[in-house]
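# Examination of the molecular architecture
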Amino acid sequence: MTARRPKALLSMWGDVVGEVFPPALRAELEDVVELLHPRPMATLDGPAAEHLPDVEVLVTSWGAVPVDERMLARAPRLRAVFHAAGSIKGTVHDAGWRSGLVVTSAAALGAQPVIEYTVAVITLAAHRIFPLAQAYRDGIFAPVRGRRGRPGTRVGIIGASAIGRGVIARLVADGWDVSVYDPVVDPSVIVKLGARQVELDVLCATSDILSLHAPDVAATRHMIDARRLALMRDGATLINTARGALVDHDALRLECANGRIDAILDVTEPEPLPPDDLLLRLPNVFCTPHAAGVQGTEVATLGAFMLEELRRYRRGEPLRGAVDHRLLPILA
């Protein structure tokens, strides 16, 4: 490692810093970089932002100040962004990419908890656990005979993203019947994973459980609309751990309110939902507050990964989480 420590600033919500860099990791961070201000940059008008003219590296996470034209005008020496979180889209704007910044993200680490969450709720959905639990609370002890299980249950995956592929691999290994729709990924990739590639309408019409793992881009907005929800089988379950904008929520409310399908939603549109939203009150809808990703002590793994990336940066080595801006249109 070279003797030179790059000058750095933190940019994230104040209450996130201690989770991403707990004391031991914070001490390591200050050995690896020259931290110009002890507190994270909250705005371009705060005390940390006064150091922008000297900064080479931004270490960012949730709540980061956008790297846009305004920031770049204040930070002529900025060379790299180390993002201790998942999606980089809200942090590095077009001006940042045009300026040639090196950008690395911990998105790969953030994928694993979402994979685990999705596989878990798919297993529960196959038994319709959430509606059964509500019925039990209402005094109805429903027999479990005739419920779906792993053998014979068809799972449809929309989007063979890093998370989607992880879910596919886990399901196939456990013996589930898996079909996939992804217009971007080479079909041979799907075959190698042990699944089959089908068209979206076919996937909606033939899946007992439909799980979304596509990015939020113009082409995917409300891709699950009233027509495609109507294609879903009676008793099917829609799972969304990707982005709320993929689903037409007005159409979803109608389909779930009449009890025809179930839904498991970790993301919604809007987010959060209003407290009186119907989706929060229906017995066949299970909502969680964008909780499928890293939580609790898992957050520190993102900081540890960024420390290793910073060390690689100092040594002039390739970064393992490097983001290719040409892929942004298909990334979450």
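For clarity, every value in this text was computed on a predicted model and none was experimentally measured. (Residues numbered from 1 in each chain as written. Predicted model: local features only at pLDDT ≥ 70, side-chain atom pairs only at ≥ 80, totals over all residues. Heavy atoms only, no water.)

Before going further, it helps to examine the environment of Ala80. Inspection of the secondary structure puts Ala80 in strand S4 (residues 80-83). Linking Ala80 and Leu302, residues 222 residues apart in sequence, is a C-alpha distance of 17 Å. Beyond its immediate sequence surroundings of up to four residues, Ala80 is in contact with Glu56, Val57, Leu58, Leu101, Val102 and Tyr313. (Helix = DSSP H or I, 4+ residues; strand = E, 2+ residues; numbered from the N terminus. Contact = heavy atoms within 4.5 Å.)

Turning our eyes to something else, we now look at the nonpolar core. Membership of the largest hydrophobic core comes to 28 residues, with the highest contact counts inside it found for Ile158, Ile224, Leu238 and Leu252. Those elements giving two or more residues to this core turn out to be helix H9 (200-206), strand S9 (209-212), helix H11 (249-257) and strand S11 (262-265). When sequence neighbours within four positions are dropped, the list of residues in contact with Ile224 reads Ile158, Cys204, Leu210, Leu212, Leu229, Leu238, Leu246, Val247 and Asp248. Counting residues in each nonpolar core, the second largest holds 27 residues, with Leu29, Val59, Val299 and Leu319 among its members. (Core = buried A, V, L, I, M, F, W, Y, C linked by side-chain atoms within 4.5 Å. Buried < 20%, exposed > 50% of the residue type's maximum accessible area, 1.4 Å probe, protein only.)

With their axes 9 Å apart at the nearest point, helix H5 (residues 107-126) and helix H7 (residues 162-173) run at an angle of 45° to one another. Here H5 is positioned oblique relative to H7, judged by the angle of their axes. Crossing of H5 against H7: the hand is right-handed. Where H5 abuts H7, its residues Ala111, Gln112, Val114, Ile115, Glu116, Thr118, Val119 and Ile122 lie against Ala162, Ile163, Gly166, Val167, Arg170 and Leu171. Split into classes, the residues belonging to the contact of H5 with H7 amount to nine nonpolar, three polar and two charged. (Axes fitted to C-alpha atoms, helices over the stretch in contact; angles between N-to-C directions. Parallel < 35°, antiparallel > 145°, perpendicular 65-115°, else oblique. Left-handed = near helix turned anticlockwise from the far one by under 90°. Nonpolar A, V, L, I, M, F, W, Y, C, P; charged D, E, K, R; others polar.)

Here five strands make up an open sheet; going across it, the order is S2-S1-S3-S4-S5 and the pairing parallel. This sheet does not close on itself; its edge strands, each paired only once, are strand S2 (34-35) and strand S5 (102-105). Direction of pairing for strand S1 (residues 7-11) relative to strand S3 (residues 57-60): parallel, over a ladder of four bridges. Residue Leu9 lies in a different strand from S3, and its bridge partner there is Leu58. (Pairing = 2+ DSSP bridges.)

Counting across every chain of the model gives one cavity of 30 Å³ or more. If you go around the largest cavity, the residues you meet are Ala125, Arg128, Ile129, Phe130, Pro131, Thr237, Asp262, Ala263, Ile264, Asn284, Val285 and Phe286. Here the lining of the largest cavity is composed, by residue class, of eight nonpolar, two polar and two charged. (1 Å grid on protein atoms, 1.4 Å probe; cavity = no way out; pocket = protein on both sides within 12 Å on 5 of 7 lines; lining within 4 Å. Points joined across faces, edges and corners; volume = space filled by probe spheres on them.)

Turning our attention to the side chain of Thr104. In this structure, Thr104 sits in strand S5. Assessed through its relative accessible area of 0%, Thr104 is described here as buried.

Here the focus is the environment of Val81. Note that Val81 resides in strand S4. Excluding anything up to four places from it in sequence, Val81 contacts Leu58, Thr60, Val67, Val92, Leu101, Val102, Val103 and Thr104.

Below, the discussion takes up unusual backbone geometry. In the segment running from Glu269 into Pro270, the intervening peptide bond is cis, with an omega of 0°. Take Pro270: it is sitting in the loop between S11 and strand S12 (285-287). Look at the link from Glu271 to Pro272: it is a cis peptide, with omega at 0°. As for its position among the elements, Pro272 is in the loop between S11 and S12. Even without being a glycine, His222 presents a positive backbone phi close to 55°. Considering the arrangement of structural elements, one finds His222 in the loop between S9 and helix H10 (226-231).

Once that is clear, we can look at the side chain of Ser61. Within the fold, Ser61 resides in the loop between S3 and helix H3 (69-74). By relative accessible area, which is 1% here, Ser61 ends up buried. With residues up to four places along the chain from it excluded, the contact list for Ser61 reads Ser11, Met12, Val16, Val20, His83, Ala84 and Ala85.

Packing of helix H2 (residues 23-32) against helix H12 (residues 299-315) leaves a shortest axis separation of 10 Å and a crossing angle of 15°. The orientation of H2 with respect to H12, classified from their angle, is roughly parallel. Judged by the sense of rotation from one axis to the other, the crossing of H2 with H12 is left-handed. Contact residues: Leu25, Glu28, Leu29, Asp31 and Val32 in H2; Ala300, Gly303, Ala304, Leu307, Leu310, Arg311 and Arg314 in H12. Taken together, the residues that form the contact of H2 with H12 break down as seven nonpolar, one polar and four charged.

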